[in-house]
Structures are given as C-alpha cells and as structure tokens.
Amino acid sequence: MSNRVTIYEVGPRDGLQNEKTLIATEDKILLVNDLTACGFQKIEVTSFVSPKWVPQMADALEVLEGIDRANGVTYSALTPNLKGFDRAKHALADEVAIFAAATEGFSEANINCSIDESLTRFKPVVKAAKAAGISVRGCVSVITDCPYDGAVDPTSVVHVAKALAEMGCHEVGLADTIGVATPEKIEKVLDAVLQELPAELLSGHYHDTNGCALDNIEVSLDKGIRLFDSAIGGLGGCPYAPGATGNVATEAVVDHVTKLGYYTGLDVEKLGDVAVFARGLRR
Ligand code: HMG
Ligand code: MG
C-alpha cells in the first residue's frame, strides 16, 4: 500500500467558522495563500452556507475570489444546497462538499432538515456540479457520537456514506464531529463502512476534543485510508456541536504520520509559521 498521505487542509473553513468575532477577509485570504505555500494540494477555503446561520462565512465569495491560486491545487467550499452551489460555482470553486449526518438530531441542528431530506436536497447539487465539471466530496458527520442523539449505530453511517457515494461523490469523509471517538469506536465504524465502500473512497475528519484524533488516524491508516482532513493550528469546531473543539492540528498530523513512515510532501517549517499565524487570528 502507498505510504503517501494526503492532508485536506480545512482550517480556513472548519477552523474559522466557529470564531465569534468576525475575522477580516484579507486575513482569511492571507491564510489560504500561506497554506498554498506549504504545499497543500487540497484546501477547503470557505463555505457557502446561510450567513444567518454562520455569519463568519458570509464573505465566502470574496475569499474564494481573492486568493492566489496555484496550479494543481484544489480550492473547495462547503455547499449545503443549490443556492450554495450556485454561489460556489460563481466563485470558481474547484470542488464542493455536501455534508450529511448519521443522526437525525445533528442533521436537524446543522442543516435544518432530516437525513432523507438532506439526501434529496443534495442530488440536484451533485447533478449541477457534474454538469459544470466540479467534483463533489461528501461528508458524514457524527459517525460515532452525537451531541443530540448519543451513541451512533454504524449502520446509519453506512447508509448515509453509501447514499453519498451512489449519488456521485468521488470521496466520502467520515467525521467525528465532537472529537470524542476512541480508536475502538473508529475501528468498528470503519469496518462496517469498508464492507460497502473501498478505503480509496474514504477520508477521515477527526476533531480532537478528547485527544484521540491521532490514534484514530492511525487506526484509519491501518484500514487503508490515506486522506485526512485537519486544521492548521488545531483551530475550530462546529457551531452546531456544543463543546466540541477543533479539528486535529495539521502540524501534529504531519509530524505523527511522518514518524510512522508516511510522506505528506508538506513543508514542515512553513507549517509551523502558518500555525502561529492561524492561532493569532483567534480573538
Ligand atoms: P434554512 O433556514 O432551512 O434554509 O437553512 P432556507 O432554504 O429556508 O433559507 C433561509 C434563508 O437562508 C433564505 O434567506 C435563503 O435565501 C438563505 P431569506 O429569504 O430568509 O433572506 N439561504 C442561503 N443563503 C446563502 N447561501 C446558502 C443559502 N441557503 C439558504 N447556501 C441551511 C438551511 C442549510 C441553508 C442552513 O441550515 C445552513 O446554512 N446550515 C449550515 C450550517 C453550517 O455551516 N454548519 C457548519 C458546517 S458543517 C461542519 O462543520 C461539519 C463538518 O466539519 C464535518 C464534521 O466535523 O462533522 C463538515
Ligand atoms: Mg468538522
């Protein structure tokens, strides 16, 4: 198996979306440009969600239009519906992400609809994206524990992950949204999903509230997964996941997987500098 690990840097979106004080658009643009200089091939820049729900992402268009793009780098954005997709397309997003949940409680809290409604809502987004030549990644939130519905049955994760793949997502991210999963729980849910979908189609998105994210990545590597989301400086959290802290820090992931013998292609020294800058954006 390949020893190449790809990091999908989600700091500009997942890392910043939860900040209560509005961060200047120019600083968000600087952050993305600095991340590009670190060598990332995939950067989640922003989200085209309702500004009433997430005011911090209201400048999505300005950020995506303001960044300096490097050849070969995918600059993506979250899009919860067609309105979000149209805005992302207008801003020339290279890829969009649709995001569902494994529980009804989180789905309602995060995107104001049931799981089934969300899947119905995503279908025209995928169709429109395909027509525009824009790739779509899917995401399943709360794969082990939900702040509203408690412990999550892996069967629901499999159901939603499969639905996203069948819809046309070229990749399905599995998210421990509140960062409390243990490696045992991750192993259990991965085993269930891997019965239906190949490891090459999956990615891990682990928040780090309880400090297990690196171990969860290690389990995922053992299962063949080679793509992980992380946020520079460990910033972030989800506005609809009370108590959850940020994604696992990118610099920690790079350090950890490198020690395990994997290769990320990222500039470690620059990463350290950008982590300091990113943390400084918090008020
Ligand atoms: P809703 O209120 O049910 O939507 O929200 P609606 O269709 O009834 O529209 C209400 C208003 O929002 C309307 O405006 C729409 O035009 C507007 P009004 O007529 O009242 O002036 N609107 C939009 N505006 C801009 N862009 C849009 C858009 N859509 C509607 N795309 C909706 C439904 C999905 C829009 C809302 O619930 C929402 O925006 N949710 C996003 C929540 C969010 O961003 N959560 C955090 C990201 S997900 C996450 O962090 C998890 C992840 O990291 C993985 C993990 O860790 O689990 C990915
Ligand atoms: Mg997240």
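Owing to the predicted nature of the structure, the values given are computational and were not obtained by experimental measurement.

A. The overall build of the protein, seen in detail. When helices and strands are counted, the protein shows 11 helices and 10 strands. Computed over the C-alpha atoms, the radius of gyration of the protein is 17 Å, within 12% of the 19 Å expected from 2.2 N^0.38 for a compact globule of 283 residues. The dimensions of the protein, computed from C-alpha atoms along their principal axes, are 45 × 45 × 35 Å. A burial count over the protein gives 59% of its 283 residues as buried. In the protein, the share of contacts with a sequence separation of at least 24, taken over all contacts with a separation of at least 6, comes to 76%. The positive charge centre, built from 25 side chains, and the negative charge centre, built from 39, are 5 Å apart in the protein.

B. A look at the packing of helix α9 (residues 213–222) against helix α10 (residues 250–259). Contact geometry of α9 with α10 gives a least axis separation of 11 Å together with a crossing angle of 45 degrees. One way to sum up the angle between α9 and α10 is to call them oblique. Considering only the axes of α9 and α10, their crossing is right-handed. Contact residues: α9 offers L214, I217, E218 and L221, while α10 offers A252, V253, H256 and V257.

C. Here's a closer look at helix α7 (residues 154–167). Taking 1.5 Å per residue as the helical rise, α7 with its 14 residues ought to reach 20 Å, and the 20 Å between its terminal C-alpha atoms agrees with that figure. Here α7 has its buried residues at P154, V157, V158, V160, A161, A163, L164, A165 and M167. Those residues of α7 hidden inside the fold are in contact with β4 (95–101), α6 (115–132), β5 (135–141), β8 (171–176) and α8 (183–194). Of the residues flanking the end of α7, it is G168, one or two places downstream, whose phi is positive at about 125 degrees.

Cut-offs and rules
- Residues numbered from 1 in each chain as written.
- Chains lettered and ligands numbered in written order.
- Predicted model: local features only at pLDDT ≥ 70, side-chain atom pairs only at ≥ 80, totals over all residues.
- Heavy atoms only, no water.
- Helix = DSSP H or I, 4+ residues; strand = E, 2+ residues; numbered from the N terminus.
- Rg over C-alpha atoms; globule rule 2.2 N^0.38 Å.
- Buried < 20%, exposed > 50% of the residue type's maximum accessible area, 1.4 Å probe, protein only.
- Contact = heavy atoms within 4.5 Å.
- Lys, Arg positive; Asp, Glu negative; His and termini not counted.
- Charge placed at Lys NZ, Arg CZ, Asp CG, Glu CD.
- Axes fitted to C-alpha atoms, helices over the stretch in contact; angles between N-to-C directions.
- Parallel < 35°, antiparallel > 145°, perpendicular 65-115°, else oblique.
- Left-handed = near helix turned anticlockwise from the far one by under 90°.
- Expected span 1.5 Å × (residues − 1).

Limitation: the analysis is restricted to geometry and does not speak to function.
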